[in-house]
Amino acid sequence: QVQLVESGGGLVQAGGSLRLSCAASGRTVSHLNMGWFRQAPGKEREFVARISWSGGATDYADSVKGRFTIARDNAKNTVSLQMNSLKPEDTAVYYCAAYSFFRGDYKSPTEYDYWGQGTQVTVSS
């Protein structure tokens, strides 16, 4: 089993920055591909970013490209999401997720085997 715990959420003004962290524990997490998703009230959970197990490949949703950066530290079993130039539409619960084997669509929540409990990010205008 893998446990994922997010931290770093909060309230920030538009244009500000936040850094989310995800601490992983359990089985060998360094071989897991990691991602961040978000879910706003009344909306479906959506893909934000993902990083391969080695850190060599990253992908972002078009809505966050150029503003958010995903990174990982396998020695510390952590994944981070640096969020800059935040907008009110970034307001959501942000979830850390992980998968072992690629099944075809890393942008789909169904690709991921493990999930954190989520952390709230609120961006005021």
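Structure: above.
Residues numbered from 1 in each chain as written. Predicted model: local features only at pLDDT ≥ 70, side-chain atom pairs only at ≥ 80, totals over all residues. Heavy atoms only, no water.

1. Examining the pairing of strand β7 (residues 68–73)
One face of the sheet, then the other: side chains in a regular strand alternate in exactly this way. Every second residue of β7 is oriented toward a common face, the buried set being Phe-68, Ile-70 and Arg-72 and the non-buried set Thr-69, Ala-71 and Asp-73. As paired elements, β7 and strand β8 (residues 78–83) share six bridges and run antiparallel to each other. Counterpart to Ala-71 in the pairing with β8 is Ser-80. What sits between the antiparallel neighbours β7 and β8 is a turn of four residues, in which Asn-77 has the positive phi angle 55 degrees. (Buried < 20%, exposed > 50% of the residue type's maximum accessible area, 1.4 Å probe, protein only. Helix = DSSP H or I, 4+ residues; strand = E, 2+ residues; numbered from the N terminus. Pairing = 2+ DSSP bridges.)

2. Focus: the packing of aromatic side chains
Enumeration according to the criterion identifies seven aromatic pairs in this entry. Note on Tyr-95 and Trp-115: the rings are 6.4 Å apart at their centroids and 80 degrees apart in plane angle, and the pair reads as edge-to-face. In this pair, Tyr-95 sits in strand β9 (residues 92–99) while Trp-115 sits in strand β10 (residues 114–115), placing the two residues 20 residues apart along the sequence. Accessibility expressed as a relative area gives 13% for Tyr-95, which makes it buried. Among the aromatic side chains, those forming a connected cluster through ring pairs are Phe-37, Phe-47, Tyr-95, Tyr-99, Tyr-106, Tyr-112 and Trp-115. (Phe/Tyr/Trp six-rings, centres within 6.5 Å; stacked < 30°, edge-to-face > 60°.)

3. Here we look at the pattern of salt bridges
For the coordinates displayed, the defined rule picks out six salt bridges. Taking the shortest distance from any N to any O, the salt bridge between Arg-50 and Asp-59 comes out at 2.7 Å. Note on Arg-50: relative accessible area 12%, which makes it buried. The exposure class assigned to Asp-59 is partly exposed, which follows from its relative accessible area of 22%. (Salt bridge = Lys/Arg side-chain N within 4 Å of Asp/Glu carboxyl O.)

4. Here we look at the state of the cysteines
By definition, a disulfide links the sulfur atoms of two cysteine residues through a covalent bond. Counted according to the given criterion, the structure contains one disulfide. Disulfide pairing is shown between Cys-22 and Cys-96; the S-S distance is 2.1 Å. Since a negative S-S torsion denotes a left-handed disulfide, the Cys-22-Cys-96 link at about -80 degrees is left-handed. Here Cys-96 lies in strand β9 and Cys-22 lies in strand β3 (residues 18–26), a separation of 74 residues in the sequence. Residue classification places Cys-22 among the buried residues on the basis of a relative accessible area of 1%. (Disulfide = S-S within 2.5 Å.)

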